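Chain residues, written in single-letter form:
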Amino acid sequence: MKKKILINLLFIFSLIFIVRYTMFPNSSLGIGMSRGEINLIPFKSLGNPLSPGFVVNVGGNILLFIPFGLVLPLKFNKIDRLQIATLIGLSVSIMIECIQLTMPNRTTDINDVILNTLGTYIGFRLFSKLKLAYNL
């Protein structure tokens, strides 16, 4: 019973973490401080790989979804394949970007979808390795 509660809490915290950083501006990180743009060209808006903004954008989008990909198969036993988890991460990210279309000062960016999906992929791969190592 305690294990189930912990998994539920981890899942809820991963969703809160995602909502916090995708829906609410954060000036200290430069998140959500744009004038509301749309980018549908992959890798166009990433900028200079040596700049701090690049690291925050790329690393932040990937890190944002790693916990989600890690906890998703723990919460839902039927999500037992990498393709399913990745597709769910893709769907959640697309949903977020569609919501951001309606929000002022939020940029809708295909790169976010790609990077968030990559984060879910990495999270599920970590889960798979932990499952083998610890018989989860």
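You'll find the structure just up there.
Please read all numbers here as calculations on a predicted model, not as lab measurements.

Rules and cut-offs
- Each chain has its residues counted from 1, running along the sequence as written.
- Reporting of local features is limited, given that this is a predicted model, to residues whose pLDDT is at least 70; pairs of side-chain atoms are given and counted only at 80 or more, and all residues count toward the totals for whole chains, interfaces and linings.
- In computing side-chain values, all of the structure's heavy atoms are included and hydrogens and water are not.
- Here, axes are lines fitted to C-alpha atoms. For helices the fit covers the stretch in contact, and angles between N-to-C directions go from 0 to 180 degrees.
- We count a stretch as a helix when DSSP gives it H or I for four or more residues in a row; a strand needs E for two or more, and each element gets its number in order from the N terminus.
- Angles below 35 degrees are treated as roughly parallel, those above 145 as roughly antiparallel, those between 65 and 115 as roughly perpendicular, and all remaining angles as oblique.
- A clockwise turn of the near helix away from the far one marks a right-handed crossing, whereas an anticlockwise turn of less than a right angle marks a left-handed crossing.
- Contacts are assigned to residue pairs that have any heavy atoms within 4.5 Å of one another.
- Only Asp, Glu, Lys and Arg are considered charged, only Ala, Val, Leu, Ile, Met, Phe, Trp, Tyr, Cys and Pro nonpolar, and every remaining residue, Gly among them, polar.
- Expected helix span is computed as 1.5 Å times (number of residues minus one).
- Throughout, exposure labels follow a simple rule: accessible area from a 1.4 Å probe, protein chains only, divided by the maximum for the residue type, with under 20% read as buried, over 50% as exposed, and the rest as partly exposed.
- This arc is built from the directions going out from the helix axis to the C-beta atoms.
- Only rings of Phe, Tyr and Trp enter the pairing, Trp through its six-membered ring, and a pair is recorded when the two centres are within 6.5 Å. The plane angle decides the type: under 30 degrees is stacked, over 60 is edge-to-face, the rest tilted.

Participant: What's the story with the packing of helix α1 (residues 2-23) against helix α2 (residues 52-75) in this structure? I'm lost.
Facilitator: In helix packing, the relevant descriptors are the interaxial angle and the interaxial distance, both defined with respect to the helix axes. Packing of α1 against α2 brings their axes to within 9 Å, and their N-to-C directions diverge by 155 degrees. Taken together, the axes of α1 and α2 are roughly antiparallel relative to one another. In this structure, the crossing between α1 and α2 has a hand that is left-handed. Two secondary-structure elements touch here, α1 through Ile 7, Asn 8, Leu 10, Phe 11, Ser 14, Leu 15, Phe 17, Ile 18, Tyr 21 and Thr 22 and α2 through Leu 63, Leu 64, Phe 65, Pro 67, Phe 68, Val 71, Leu 72, Leu 74 and Lys 75. When the residues that make up the contact of α1 with α2 are grouped by side-chain class, the tally is 15 nonpolar, three polar and one charged.

Participant: Sorry, what's going on with helix α3 (residues 82-101) here?
Facilitator: Three- or four-residue spacings in an α-helix give side chains the same orientation, since the helix completes a turn every 3.6 residues. If you check α3, its first and last C-alpha atoms are 29 Å apart, about what 20 residues at 1.5 Å a residue would give, namely 28 Å. Of all the positions in α3, only Ala 85, Thr 86, Gly 89, Val 92, Ser 93, Ile 96, Glu 97 and Gln 100 are classed as buried. Considered in projection along α3, the buried side chains sweep an arc of 135 degrees and stay on one side of the axis. Pointing more than 90 degrees away from the buried face of α3 are the exposed residues Gln 83 and Leu 87. Contact partners of the buried residues in α3: α1, α2, β2 (108-109) and α4 (110-134).

Participant: What should I look at first to understand the side chain of Ser 14 in this one?
Facilitator: The topology assignment puts Ser 14 in helix α1. Using a relative accessible area of 4% as the deciding quantity, one classes Ser 14 as buried. Those residues in contact with Ser 14 that sit more than four places away from it in its chain are Pro 67 and Phe 68.

Participant: For this particular structure, what's the right way to read the packing of aromatic side chains?
Facilitator: Both the distance between ring centres and the angle between the ring planes are used here to describe each pair of aromatic rings. Evaluated as defined, the whole model comprises five aromatic pairs. The interplanar angle of 50 degrees and the centroid separation of 5.8 Å between the aromatic rings of Phe 124 and Phe 127 together place this pair among those described as tilted. Of this pair, Phe 124 and Phe 127 both sit in helix α4, three residues apart, which is roughly one turn of the helix. Exposure remark for Phe 124: the relative accessible area of 4% places this residue in the buried category.

Participant: Sorry if this is basic, but what is going on with the packing of α3 against α4 here?
Facilitator: Contact pair α3 / α4: the axes reach a minimum separation of 8 Å and the direction vectors enclose 145 degrees. Between α3 and α4 the crossing geometry is right-handed. The residues of α4 that touch α3, namely those facing Leu 82, Ala 85, Thr 86, Gly 89, Leu 90, Ser 93, Ile 94 and Glu 97, are Asp 112, Val 113, Asn 116, Thr 117, Thr 120, Tyr 121, Phe 124 and Arg 125. The residue makeup of the contact of α3 with α4, split by class, is seven nonpolar, six polar and three charged.

Take it as geometry only, folks, not as evidence of what the structure does.
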